Amino acid sequence: MARSCAGALRAVTGTTGGAGESGGAAIGGGLGQNAGTIEIRGGTVVALSHNSGAGIGGGYHGTGGSITISGGIVDAQGRQSGIGGGY
């Protein structure tokens, strides 16, 4: 399972998923953190944040950073943003 981690490069080629906790994005920044750099290259990604973080991107009050998706199937859902900055 993917975990929140600001500033990290994420290269996804298989199947992964994540769920944001305590204001963090499902994949990307934690509470109050920016996403940093996220790269998804194919595969299947399900990123659901049921709080104030983005599905893929920044946590609560965090920016989306640099997000690149090149291929694959991506389902990203958040309270205000599926992909990008947090609430």
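What counts as what
Residues numbered from 1 in each chain as written. Predicted model: local features only at pLDDT ≥ 70, side-chain atom pairs only at ≥ 80, totals over all residues. Heavy atoms only, no water. Phe/Tyr/Trp six-rings, centres within 6.5 Å; stacked < 30°, edge-to-face > 60°. Helix = DSSP H or I, 4+ residues; strand = E, 2+ residues; numbered from the N terminus. Buried < 20%, exposed > 50% of the residue type's maximum accessible area, 1.4 Å probe, protein only. Lys NZ or Arg CZ within 6 Å of the ring centre and 35° of its normal. Salt bridge = Lys/Arg side-chain N within 4 Å of Asp/Glu carboxyl O. Pairing = 2+ DSSP bridges.

Draft legend 1. Main features of the packing of aromatic side chains. The tally for this structure, following the rule as stated, stands at one aromatic pair. Here the aromatic rings of Y60 and Y87 are separated by 6.3 Å at their centres, their planes lie at 20 degrees, and the arrangement is stacked. Highlighted residues: Y60 in the loop between β6 (56-57) and β7 (66-69) and Y87 in the segment after β9 (83-84), separated in sequence by 27 residues. Assessed through its relative accessible area of 42%, Y87 is described here as partly exposed. The side chain of R79 reaches across the aromatic face of Y87, ending 4.2 Å from its centre.

Draft legend 2. Focus on the pattern of salt bridges. A full pass over the atoms with the stated rule returns one salt bridge. As a salt-bridge pair, R41 and E39 come within 2.9 Å of each other at their nearest N and O atoms.

Draft legend 3. Layout of the environment of Q80. By the element assignment, Q80 lies in the loop between β8 (73-77) and β9. For the pair Q80 and N51, spaced 29 residues apart in sequence, the C-alpha separation works out to 9.0 Å.

Draft legend 4. Local environment of the pairing of strand β5 (residues 44-48). Across the two faces of β5 the burial differs, with V45 and A47 buried and T44, V46 and L48 not buried at all. By the bridge criterion, five bridges tie β5 to β8 in an arrangement that is parallel. Residue pairing for β8: V45 is matched across the bridge by V74.

Geometric values such as these leave the question of function open.
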